[in-house]
Amino acid sequence: MTHLDSLYLTYKQALFDKAYEHLNPMQREAVFSIDHPLLVLAGAGSGKTTVLVQRIAFLIHYGNAYFDEHVPAGVSETLVEQLKSALDLPAETIRERFLPMFSADPCPAFRVLAITFTNKAANEIKNRLAATLPESSGVADIWAGTFHSICARILRSHGDLMGYAPGFTIYDTDDQKKTIAEALKVCNLDEKLLPIKTIQGIISRAKDHLMTPDDYLAEAKDNLRMKQVGRVYEAYQGLLRSSNALDFDDLIMQTVLLLKTHKEVRELYQNRFRYVSVDEFQETNPAQLELTVLLSGGYRNLMVVGDDDQSIYRFRGATIENILSFDRLFPDAKVVKLEQNYRSTSVILAAANAVIAHNEGRHEKKLWTAADEGEKITLHIAEDQNAEARYIVDTVQKEVARGNAAYKDFAVLYRTNAQANSIEKALARAALPYRILGGIRFSDRKEIRDAVAYLQLIANHADNLRLNRIINEPKRKIGAKTLEAIAMIAVEQGLSQFEVMETADKYVALERTKETLLSFANMINDLTALSKKLSLDALFDEVMDRSGYRQMLKDGGEPEAERLDNLEEFKSNILEYVKEAEEPTLTGFLEETALVADVDRYDESADALVLMTIHSAKGLEFPRVFLPGMEEGLFPSPQAAMEGPAELEEERRLCYVALTRAKKKLYLISAKTRLLYGRTLANPISRFVEEIPEGLLKKELLPSQRTSSYTGAFAKGHSETSFSSFGKATVGTNIFEKKSAPKEQLSPGDRVLHATFGEGQILSVKPMGADLLYEVLFERVGIKKMMATYAKLKKL
DNA sequence: CACGCTCTGCCTGCG
DNA sequence: GCAGAGCGTG
């Protein structure tokens, strides 16, 4: 290489570095590295999505321009001079005028695949790509989607090779449960001995590991219980097959099996995908890893991004080993660590680093920030869960009143959804704007599931589960006996249950109900014919009218009004789909309904504080974060503490995730006693709080209004001056066992009547000496506190 | 069969 | 504490 050539290469790289100066050196390294496997260990708030998006944009624009050592023929001194002086130009100009000349085999957009876990992440990547790349680059052709949507897409094209007809149905967890119940019956096993939830978990984990029922049975050997589970798994899989249905785990597993066993399909995708990226790689399971390896097997340009410290889904099959040993699977992989955090203050980071350092199995890394130290972390000890909630309310009110923050700057993140209750009550009482994430999803409502089931049956007559769901919804007087007979005939004849109904007049057993069955089958067949002609929304109306479902709700009067509204909302979802989709089809819509949960109802623009579990907060950030319930026996959860070190490490990672959500300020709250699941617990402060260096904490004591009347054993770990010891968690201690209360015990939520104040609702009950202190919200006069003995409250 | 009562279990949860 | 399931009765 001549001196001129090496100057050319040096200036080329310098120009790229300059054009991408908005990225830090490690981020640039990741963006420019595209011709070998790449592991990006991206700490919390280190700009991982930016890197993922920028890298795809980069390889579409410039290919391997940065590291390519090819020098074009006849590089002149003038050119080199030009490049050198270009370094003084603004980044924008360099990008426009110089970078395109370095392009080295850029990659067409359709040959790029990006896989995520959630629709939200997939959408964010799509949107950011669309904002980064011009339309002419073919940005719309990039495959970006969730593991499940990508597999569904592959199976729609090639699933027939695995025995699935293209109109297959996707079963969700609820469908799964019902099918397992059915399988248990088939196997003549009792649900009490083998709980459905347990089997569901076992089957799901088996599929995560690509184990078929046969594999599982082989593993079971002489273990009776395993053999039983294996038989249920086998029966379950048979039921799915005969309904032409796949569950979520099947989508992945069957795609992997398809790619493994069918060379032509495998090569089709391997030749197509030159670049494969996987987000949140720490949450992948073995099947997903295998899928990733297969899809990227043609070019081996696989980039995985993740943070082993943020792996929090072990309980649903995630295998942290995937990210820990990626470099062993791909010895030529480049490893890039993104350790600069752009989110939090250094106090918050120091705390998070200190906590996570207690874990053993991890890639060593340490987040740092250029940001200020920031405020210390507040540790507040509250009397009980209500005081904890009030502390949150007070703090928010105070900060908002001072003009330090808006409501939307605050998030309350908790370990379990059950904690939301007391906090929600306090917020409602104080009339603070808030929203809660979690709870029943729109698509989980009965009426929506019913409507979808009708559509699914129309799309896939073989779907026995959906058939059974709607056959008597509305009531059609088809009894359990008839349905059993149909199911039996179907199995004997090798037909679907719907086919049996269509020909009900052929079977003696169905003599009495054949009229009803035939008319039902006719209705579905008519609707199926209509589905080929009508627009989706018109079809939906026909289904709701002809089935009598809408009428049923109308007849239901007031209580069903909300359901009718929900159906209308569902219809607007259909309309939206028809408008958005390139080629709207019934199957397409159903697939979207199955794979795309609710559109995020979390409206970030509204000025309201937000409540959610730590799990659902992953990937989000908030200026100020409350972490209530920092107690042993709650966080870490008692199950985790019992099960073993691996579970405990996962809890610690969860804590790490929680801490790193905060940008400016963290409030940790620990309650001395807590009413949870109908028991009052008195647990010491969470060990995770103890792991935070004292210097980072500001211990805030109870505003001394009620000096604790609780003394003795359970208060020890909490004594305000020294809480360094955490003893055994005293789960289940019921400290209110002694019924010190007067005659009529009222409890929060009870409606009561007062002689002067009128009707109201009990908000809280506190022991006060030998008496009880009630806090009551009256409809006319607002909140009043009163002693039970004098209040003379009448329970309504 | 529909309703209401009792019993039970209960962490986190993407698709 | 509460929801959902299962069971028994009118």
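Residues numbered from 1 in each chain as written. Chains lettered and ligands numbered in written order. Predicted model: local features only at pLDDT ≥ 70, side-chain atom pairs only at ≥ 80, totals over all residues. Heavy atoms only, no water.

Close to DNA strand C lie Glu191, Leu675, Tyr677 and Gly678, which account for all nearby residues. Note that a base oxygen of DNA strand C is positioned 3.4 Å from one of the backbone N or O atoms of Tyr677. (Near = heavy atom within 4 Å. Polar contact = N/O pair within 3.5 Å; in protein donor to acceptor, adjacent residues only side chain to side chain.)

This part covers the pattern of salt bridges. Opposite charge on two side chains permits them to pair, given that their charged atoms come into close proximity. A full pass over the atoms with the stated rule returns 50 salt bridges. Of the charged contacts, one joins Arg449 and Asp172 as a salt bridge, the two residues approaching to 3.0 Å between their closest N and O atoms. Taken together, the positions of Arg449 in helix H20 (residues 446-459) and Asp172 in the loop between strand S4 (169-171) and helix H8 (173-187) put the pair 277 residues apart, joining distant regions of the chain. Neither Arg449 nor Asp172 differs from the other in exposure class; each is buried. For Asp541, the salt bridge identified is with Lys571, shortest N-O distance 2.7 Å. Here Asp541 is found in helix H25 (residues 536-546), whereas its partner Lys571 is found in helix H27 (residues 561-580), with 30 residues between them in sequence. For Lys571, a relative accessible area of 18% translates into the label buried. (Salt bridge = Lys/Arg side-chain N within 4 Å of Asp/Glu carboxyl O. Helix = DSSP H or I, 4+ residues; strand = E, 2+ residues; numbered from the N terminus. Buried < 20%, exposed > 50% of the residue type's maximum accessible area, 1.4 Å probe, protein only.)

Taken together, the six strands give an open sheet; going across it, the order is S3-S2-S6-S7-S1-S8, and neighbouring strands pair in parallel fashion. Since the sheet does not close on itself, it has two edges, and those belong to strand S3 (143-146) and strand S8 (334-338), each with one partner. Neighbouring strand axes in the sheet, compared pairwise and without regard to direction, differ in orientation by 15° on average. The pairing of strand S2 (residues 112-116) with S3 spans four bridges and is parallel. By the bridge assignment, Ile115 is partnered in S3 with Gly145. With respect to the sheet, helix H3 (residues 48-62) is in contact with strand S1 (38-42), S2, strand S6 (275-278), strand S7 (302-306) and S8, its orientation differing from that of S7 by roughly 165°. Lying over the sheet, helix H6 (residues 119-132) contacts S2 and S3, oriented at roughly 160° with respect to S3. (Pairing = 2+ DSSP bridges. Axes fitted to C-alpha atoms, helices over the stretch in contact; angles between N-to-C directions. Contact = heavy atoms within 4.5 Å.)

One can describe the packing of helix H12 (residues 248-261) onto helix H14 (residues 286-295) by two numbers: an axis separation of 9 Å at closest approach and a directional angle of 40°. Both H12 and H14 take part in a crossing whose hand is left-handed. Here H12 contributes Ile252, Thr255, Val256, Leu259 and Lys260 to the contact with H14, which in turn contributes Ala287, Gln288, Glu290, Leu291, Leu294 and Leu295. Classifying every residue of the contact of H12 with H14 gives seven nonpolar, two polar and two charged. (Left-handed = near helix turned anticlockwise from the far one by under 90°. Nonpolar A, V, L, I, M, F, W, Y, C, P; charged D, E, K, R; others polar.)

What follows deals with the protein's contact with DNA strand B. Around DNA strand B sit 25 residues in total, of which Asn119, Arg415, Asn417, Leu595 and Thr613 are the nearest. Contact distances for DNA strand B include 3.1 Å between a phosphate oxygen and a side-chain N or O atom of Gln639. Counting only elements with at least two residues in the surface near DNA strand B, the list comes to H6, H12 and helix H29 (614-617). Class assignment for the residues of the surface near DNA strand B results in seven nonpolar, 12 polar and six charged.

As summarised here, the arrangement of the seven strands in space is S11-S12-S10-S13-S14-S9-S17, forming an open sheet in which the pairing is parallel. Among the strands making up the open sheet, the edge pair consists of strand S11 (434-436) and strand S17 (697-700). Averaged over neighbouring strand pairs, the angle between their axes works out to 20° when direction is ignored. Judged from the five bridges that link them, strand S9 (residues 377-382) and strand S14 (residues 662-671) form a sheet pairing that is parallel. When the bridges of S14 are listed, Ile381 appears paired with Ser670. Together, S9 and S14 form the strand contacts of helix H17 (residues 346-356), whose direction differs from that of S14 by roughly 55°.

Read these as geometric descriptors, not functional statements.
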